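Per-entry structural report
Residue-level listing of the chains:
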Amino acid sequence: MSATILDGKATKDAIFEELRPRVAKLVEQGRAPGLATVLVGDDPGSQSYVRAKHNDCAKVGIKSIRKDLPADVSQADVEAVIDELNADPECTGYIVQLPLPKHLDAGPLLERMAPAKDADGLHPISLGRLVLGEEAPLPCTPRGIIELLRRHDVELNGARVAVVGRGITVGRPIGLLLTRRSENSTVTLCHTGTKDLASEISRADVVVAAAGVPKLITPDMVKPGAAVLDVGVTRTDDGLAGDVHPDVAEVAGFLSPNPGGVGPMTRAMLLTNVVEAAERNLG
Ligand SMILES: Nc1nc(=O)c2c([nH]1)NC[C@@H]1CN(c3ccc(C(=O)N[C@@H](CCC(=O)O)C(=O)O)cc3)C=[N+]21
Ligand SMILES: [Mg+2]
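Numbering of residues begins from 1 in every chain and follows the order in which that chain's sequence is written. For naming, the first written chain is A and the first written ligand is 1, with later ones following in the order written. With pLDDT at 70 or above as the cut-off, local features in this predicted model cover only qualifying residues; side-chain atom pairs require 80 or more to be listed or tallied, and sums for whole chains, interfaces and linings still use all residues.

1. Topic: the UniProt feature "binding site: NADP(+)" (unreviewed entry) in the protein
Per the UniProt entry, the sites bearing "binding site: NADP(+)" (unreviewed entry) are Gly 165, Arg 166, Gly 167 and Val 233 in this numbering. Among the secondary structure elements, Gly 165 is positioned in the loop between strand E5 (160-164) and helix H7 (171-178). Placing C-beta atoms from the backbone, we regard two residues as in contact once those atoms come within 7 Å. What Gly 165 contacts, discounting residues up to four positions off in sequence, is Val 170, Gly 171, His 191, Ala 210, Ala 211, Gly 212 and Gly 232. Helix and strand labels come from DSSP, where a helix needs a run of H or I of at least four residues and a strand needs a run of E of at least two; each type is numbered from the N terminus. Of note, Arg 166 is situated in the loop between E5 and H7. Not counting residues up to four positions away in its chain, the partners in contact with Arg 166 are Gly 171, Arg 172, Leu 189 and His 191. UniProt positions are given in the numbering used here, feature names are shortened, and annotations may be inferred rather than shown by experiment.

2. Things to note about H7
The buried fraction of H7 amounts to 6 of the 8 residues, a majority that puts the element mostly inside the structure. In this structure, the buried residues of H7 make contact with helix H5 (124-132), helix H6 (140-150), E5, strand E6 (186-190) and strand E7 (206-209). Any residue whose C-beta has 12 or fewer other C-beta atoms within 10 Å is treated as exposed, any with 20 or more as buried, and any in between as partly exposed, C-beta atoms being built from the backbone.

3. Digging into the site of ligand 1
Residue proximity rests on one test: whether the C-beta atom, placed from the backbone, lies within 6 Å of the molecule or strand. Among the 15 residues in the neighbourhood of ligand 1, the closest are listed as Ile 95, Leu 98, Pro 259, Gly 263 and Thr 266. Among the secondary structure elements, those contributing two or more residues to the shell around ligand 1 are helix H2 (44-60), strand E4 (93-96) and helix H9 (262-281). Ranked by residue count, the leading element in the shell around ligand 1 is H9, at 4 residues. Bear in mind that the domain bounds are from an automatic or database domain assignment. A domain split of the shell around ligand 1 shows at least three residues from each of domain 1 (30-114) and domain 2 (140-263).

4. Looking at the domain arrangement of the protein
Domain parsing of the protein yields domain 1 (30-114) and domain 2 (140-263). Placing a centre on the C-alpha atoms of domain 1 and another on those of domain 2 gives a separation of 28 Å.

5. A few points about the pairing of strand E10 (residues 239-242)
Two strands are said to pair when DSSP picks up at least two bridges between them. Relative to E10, strand E9 (residues 233-236) is paired through 4 bridges, and the arrangement is antiparallel. Each bridged residue has a counterpart across the sheet, and for Arg 235 the counterpart in E10 is Leu 240. From the end of E9 to the start of E10, which pair antiparallel, there are 2 residues.

Quick look at the structure:
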């Protein structure tokens with residue numbers, strides 16, 4: 001048996017095709033969406049992600065603004081850039097690329113962002129609204145995972161989902177999306193304190209591996225036919241390594257590759273959040 005590939009790159013391209021006319025309409029109405037990025041320092045990974053986001057914007061016709069700051073920028077200078085973007089009418093949504101250098105206090109910076117311009121869905125107000133079931137931008141990676149599963153007809157209604165990792169971008173929020181009535185899944189959140197990870201994984205119809213531990217999920221753990229999403233990425237000497245052992249492809253029914261799976265979907269959902277926010281503002 002060999003798993004059906006959950007092709008995030010092709011799915012992202014399809015979503016971009018759907019976004020392009022919506023962006024064109026907004027531009028026509030004089031309400032052009034504009035995405036800004038705030039990047040601090042010169043980490044090559046972060047630089048490449050940010051570059052990709054600007055290329056994506058060009059592809060769908062969204063104006064983009066780059067704010068690149070030196071690694072030793074002060075907290076006050078980042079605050080000033082955030083205040084500038086909050087006030088800039090050309091910027092309808094933005095992100096502060098994470099992680100930030102250790103000398104900066106990320107929490108207060110993210111909280112300073114205008115919630116209406118939160119493109120990541122990670123502002124405390126957006127996360128609070130998600131808990132309350134109110135309309136808000138949704139966290140991009142969890143939303144991308146659900147969209148990838150939906151577009152490949154993977155059943156979520158009543159499904160047992162095992163999430164591995166409790167990080168703020170994926171593991172912590174994804175259960176909030178998956179347990180809405182519209183998804184209706186049953187979610188188990190596993191982490192380093194989980195006593196028997198293999199037994200939790202073995203019961204799951206869907207596995208979301210977002211721990212950042214290379215090859216953590218091995219074929220013996222996976223229920224035959226399950227959908228497995230490889231979210232974690234670790235930079236090793238041999239290149240990028242996912243959380244899922246390659247041999248899982250022999251057992252799983254669906255597998256999102258890494259790269260080429262959830263990463264491109266995260267970018268597609270970032271632009272979707274920006275377009276939706278611009279449409280909402282039309283009233
Ligand atoms: N405020 C904030 N929002 C984020 O959404 C955010 C962030 N900070 N910090 C870092 C993580 C990571 N992230 C990725 C997005 C796309 C790919 C992606 O498209 N990857 C490609 C290839 C990447 C490569 O080859 O380097 C792929 O998986 O095929 C990866 C990682 C967004 N993040
Ligand atoms: Mg992340």
